[in-house]
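Single-letter residue listing:
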Amino acid sequence: MNDCLFCKIINGEIPANKVYEDDHAVVFTDINPKAPIHLLAIPKEHYSGVHEVPHDRMELFQHVFFAVNQAVRQEGLAEKGYRLVVNFGDSSGQAVPHIHIHILSGRELTWPPG
Ligand code: 5GP
Ligand code: ZN
């Protein structure tokens, strides 16, 4: 369909350790974790950035945050504290051009981020 790494994870072409999945979103562990717990929540529809989602497709955000909500509950992250991060563009360090919410937990997370 396309060359997107995360679309390949969604359709099973590339394996991933999925901790939550429904019809609209997937949450899986990051291959190169930046914290003891590092998950990525992605919508199944492909958009590179939040600003690219058309206004008549805003339910995408409800779906991906539902998946975040489920993963946080399931993995018991509320007790530990967690941070959500969404990068866009080269200056942010975005490496994969498919909307993804980083879920970082399990260590002290300094503020502001670099
Ligand atoms: P970005 O820098 O685009 O915000 O984040 C991309 C994230 O995807 C990085 O944290 C990186 O470690 C992760 N990643 C890259 N390739 C793969 C992969 O093939 N599998 C998984 N599970 N994570 C990946
Ligand atoms: Zn994609």
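Model, not experiment: these values are computed from the prediction.

> When you look at the overall build of the protein in this model, what are you seeing that I'm missing?
In terms of regular secondary structure, the protein is built from 3 helices and 5 strands. Starting at the N terminus and walking to the C terminus, you meet the elements of the protein as α-β-β-β-α-α-β-β. With the C-alpha coordinates of the protein rotated into their principal frame, the extents come out at 40 × 30 × 30 Å. Counting every position in the protein, which comprises 114 residues, the buried fraction comes to 38%.

> I'm lost on the coordination of the zinc ion (ligand 2) in this one. Help?
Perfect tetrahedral coordination of a metal by four donors corresponds to 109.5 degrees between them, and perfect octahedral coordination by six donors corresponds to 90 or 180 degrees. Only Cys4 (SG), Cys7 (SG), His46 (ND1) and His98 (ND1) from the protein coordinate the zinc ion (ligand 2), and they sit 2.0 to 2.3 Å from it. Its 4 donor atoms give the zinc ion (ligand 2) angles of 102 to 118° at the centre, a pattern that matches the tetrahedral case.

> I would appreciate a short explanation of the pairing of strand E3 (residues 37–43) in the present structure.
Each regular strand displays side chains that alternate between the two surfaces of the sheet. Most of E3 sits out of view: 6 of its 7 residues are buried. Taken together, the 5 bridges between E3 and strand E5 (residues 101–105) define a ladder with antiparallel strand orientation. Looking at the pairing, His38 lines up with Leu104 of E5.

> Explain the packing of aromatic side chains here, please?
By convention here, two paired aromatic rings are described through the distance between centres and the angle between planes. Enumeration over the complete set of coordinates arrives at 1 aromatic pair. Between Phe6 and Phe28, the ring centres sit 5.4 Å apart and the planes meet at 80°, which makes this aromatic pair edge-to-face. Taken together, the positions of Phe6 in helix H1 (residues 5–10) and Phe28 in strand E2 (residues 25–29) put the pair 22 residues apart, joining distant regions of the chain.

Calculation rules
- Residues numbered from 1 in each chain as written.
- Chains lettered and ligands numbered in written order.
- Predicted model: local features only at pLDDT ≥ 70, side-chain atom pairs only at ≥ 80, totals over all residues.
- Heavy atoms only, no water.
- Helix = DSSP H or I, 4+ residues; strand = E, 2+ residues; numbered from the N terminus.
- Buried < 20%, exposed > 50% of the residue type's maximum accessible area, 1.4 Å probe, protein only.
- Donors = N, O, S within 2.8 Å, 3.2 Å for Na, K, Ca; no water.
- Tetrahedral: all angles 85-135°; square planar, octahedral: opposite > 155°, others 65-115°.
- Pairing = 2+ DSSP bridges.
- Phe/Tyr/Trp six-rings, centres within 6.5 Å; stacked < 30°, edge-to-face > 60°.

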